[in-house]
Amino acid sequence: MNRPRSNEAGYSLVTTMLVITIFFLLGTTILTVAAQQARWAAVRVEDVESFHEAASAIDETVAALKTAITKPDFALSTPTRFDDDLSRWLPSFEQRYGVTITDATDEEGIDRKKLFTRVLHIAKPSGQKTITRRVIITNTPSFLKYALGSAEDLLVNGGAYIDGHVYAGRNAYVTNAANYIDHSQRRTELTSFPTLSTGSAWLVQGEMSSCEHGAGCYRIEDGVFIRRENTFSPRLDGAPVQKEKDDFIDVNFDWTVKDKLLHAAGMETFSDEYEQYIHEDIPALLAMLRARLTVVDSVGPLLGRSWNEPVLLESEEVSSFFIDHGEIDLKKNWLVVNGDLFLGNTAQTPTKVRGNLIVLGDVTIQGNVAFDASVYVTGRTLVYSADISGWGGKELVLLSNGPLELARINEFDNSFPPRPNLKGYFYTNSNATVYAVGSYIHIQGGLFARGDASSLAPDADISGLVVNAYRGRAENGLSFIPAPDDDLEQSRLVIHHDPQVLIDRGEGLPFVKQLSLIVEPIKVK
């Protein structure tokens, strides 16, 4: 009778020991996991602290460099003397902030004897990784820093997507309405608000306001889209809105063209000869250039060969020149066109242009053209039904003193997301209005209108730059299908800022007598 009780007691003891063992193992596991998590958390905190320490050291280095090049007692003299300054500054910055500064100017193919552009990589270890930031020192105008902007007012109607900072020297306005013109009729289509990429900001020196009433944001009067000011209110949501901390370094277009003409004649900036001629007007400089440049009176001699000297294209018989096939390879030399210029293609392959151009007249670009070029236009510029690509991985920088018009670019193309169709930076010294409603415009570079306070942008009531962009499908006949869930890939105006232009274009870029910094995002390797 006692044996069964003994067995039950034995079973109870085994069960109790088993339960105790299980709880012991669970407790040990929990303690182990907790300890491991604590170690992971400590490592994570150390990683975060290390990252912030490295990033702060790089930011402090950038700030010190910016202070050095903008001090009132710093004088921009010659590229060689600037290198002497850097050779003093950079080692002291490395020692002070514990960073490594690598000068990559020569690797980028920049002629440091002629240009002030310098490319620096500022790096600092962070744990097992390295934090790096590329900094470009340049003496070019400020507009090249921005994806989109105007030194006057900026009005962005509709669903553009912008990857890069947006600048307004005065006020900025945004709406969810895309204005367009259909057979001379002014119309407005409800769409999305513009969107900026992560890390991009609205840099507005005045005030920024928005209207969300679609077609109700405007009335049409005498063929002009007039803002209903009572429908606009301060904009507080979306991408950050802030003031630009750096001074806006403007470009003097007339002086810049004269500077480039003297470069075409072989004169070095700051030379005595340069100082003698820089104050002359353009016709006087052109008369002087004829004795220094190779003169051709037609397009034919320009095609199919590489030029090792600057060229003047002019004729007493015609005032317009057409380049619609083949290649013009000026290398880094200048072509001065005394008249209007048409660039396009009549063959299956793109027309190609390499070099630097000054056009003393108007320019029209139509069709497929590949550029590795800087182009200065003293008149107006029309980019019509065009596809502008790069030649050899490079791009176009186009500066127009007169109006800039982008029209019928990839019209009714709905194959989202298409590739960039305008590779370059487009600038006008005047006001501009851009329509990307039926068109699809994808700029890899930037778009900027200097603005003229004495006049208004076409079809608008502000001075500066006006862009209109639908987000969604646009069918022939202008019927619209809005993008689902605000799909950014269906924005019909896309601008991706590309600072590589500051490196690629070299001597072809506008020259100003002040240095500035272009600071790219941090990279972790």
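Computed from a predicted structure; not experimentally measured.

Cut-offs and rules
Residues numbered from 1 in each chain as written. Predicted model: local features only at pLDDT ≥ 70, side-chain atom pairs only at ≥ 80, totals over all residues. Heavy atoms only, no water. Helix = DSSP H or I, 4+ residues; strand = E, 2+ residues; numbered from the N terminus. Rg over C-alpha atoms; globule rule 2.2 N^0.38 Å. Buried < 20%, exposed > 50% of the residue type's maximum accessible area, 1.4 Å probe, protein only. Axes fitted to C-alpha atoms, helices over the stretch in contact; angles between N-to-C directions. Parallel < 35°, antiparallel > 145°, perpendicular 65-115°, else oblique. Contact = heavy atoms within 4.5 Å. Nonpolar A, V, L, I, M, F, W, Y, C, P; charged D, E, K, R; others polar. Core = buried A, V, L, I, M, F, W, Y, C linked by side-chain atoms within 4.5 Å. Phe/Tyr/Trp six-rings, centres within 6.5 Å; stacked < 30°, edge-to-face > 60°. Polar contact = N/O pair within 3.5 Å; in protein donor to acceptor, adjacent residues only side chain to side chain.

K.L.:
Which residues make up the overall build of the protein, and what values do they have?
P.N.:
What the protein contains, in helices and strands, is six helices and 36 strands. Relative to the globule expectation of 24 Å for 525 residues, the C-alpha radius of gyration of the protein, 30 Å, shows a markedly less compact shape. Across its three principal axes, the protein shows a C-alpha extent of roughly 135 × 60 × 50 Å. Across the 525 residues that make up the protein, the buried fraction comes to 52%.

K.L.:
Tell me what's going on with the packing of helix α3 (residues 253-264) against helix α5 (residues 282-289), and back it up with residues and numbers.
P.N.:
Running from N to C, α3 and α5 point in directions that differ by 5 degrees, and their axes come no closer than 10 Å. One element, α3, and the other, α5, form an angle in the roughly parallel class. Within the contact between the two elements, α3 uses Asp254, Val257, Lys258, Leu261, Leu262 and Ala264 and α5 uses Ile282, Leu285, Met288 and Leu289. In the contact of α3 with α5, the residues fall into eight nonpolar, no polar and two charged.

K.L.:
Give me the nonpolar core: which residues, what numbers.
P.N.:
Counting 61 residues, the largest nonpolar core has Leu148, Trp202 and Leu447 as the members making the most contacts within it. Residue contributions to this core peak at seven residues, all from strand β24 (residues 363-377). If we skip the residues at most four places from it in the chain, leucine 447 touches Ala147, Leu148, Gly149, Leu404, Leu406, Tyr425, Phe426, Val434, Leu465, Val467 and Ile495. Within the second largest apolar cluster, 44 residues are counted, among which are Leu261, Leu293, Leu502 and Ile503.

K.L.:
An account of the packing of aromatic side chains is requested, with residue identities and associated values reported.
P.N.:
Within this structure, the stated rule accounts for 20 aromatic pairs. An angle of 55 degrees between the planes, with centres 5.6 Å apart, marks the rings of phenylalanine 143 and tyrosine 425 as tilted. Here tyrosine 425 lies in strand β28 (residues 422-428) and phenylalanine 143 lies in the loop between β3 (129-138) and β4 (148-150), a separation of 282 residues in the sequence. Each member of the pair, phenylalanine 143 as well as tyrosine 425, carries the same accessibility label: buried.

K.L.:
Summarise the side chain of serine 142; cite the residues concerned and give the values.
P.N.:
Residue position: serine 142 is located in the loop between β3 and β4. Using a relative accessible area of 1% as the deciding quantity, one classes serine 142 as buried. Reaching out from serine 142, the side chain makes a polar contact with the backbone nitrogen of isoleucine 249 at a distance of 2.7 Å. Discounting chain neighbours no more than four positions away, the residues touching serine 142 are Asp247, Phe248 and Ile249.

K.L.:
Break down unusual backbone geometry for me, citing the residues and quoting the values.
P.N.:
Among all residues save glycine, negative phi is the norm, and among peptide bonds the norm is trans. Of note, histidine 183 is a non-glycine position whose phi angle comes to about 50 degrees, a positive value. One can find histidine 183 in the loop between β9 (177-182) and β10 (185-190). Residue classification places histidine 183 among the exposed positions, given a relative accessible area of 74%.

None of this, on its own, says anything about what the molecule does.
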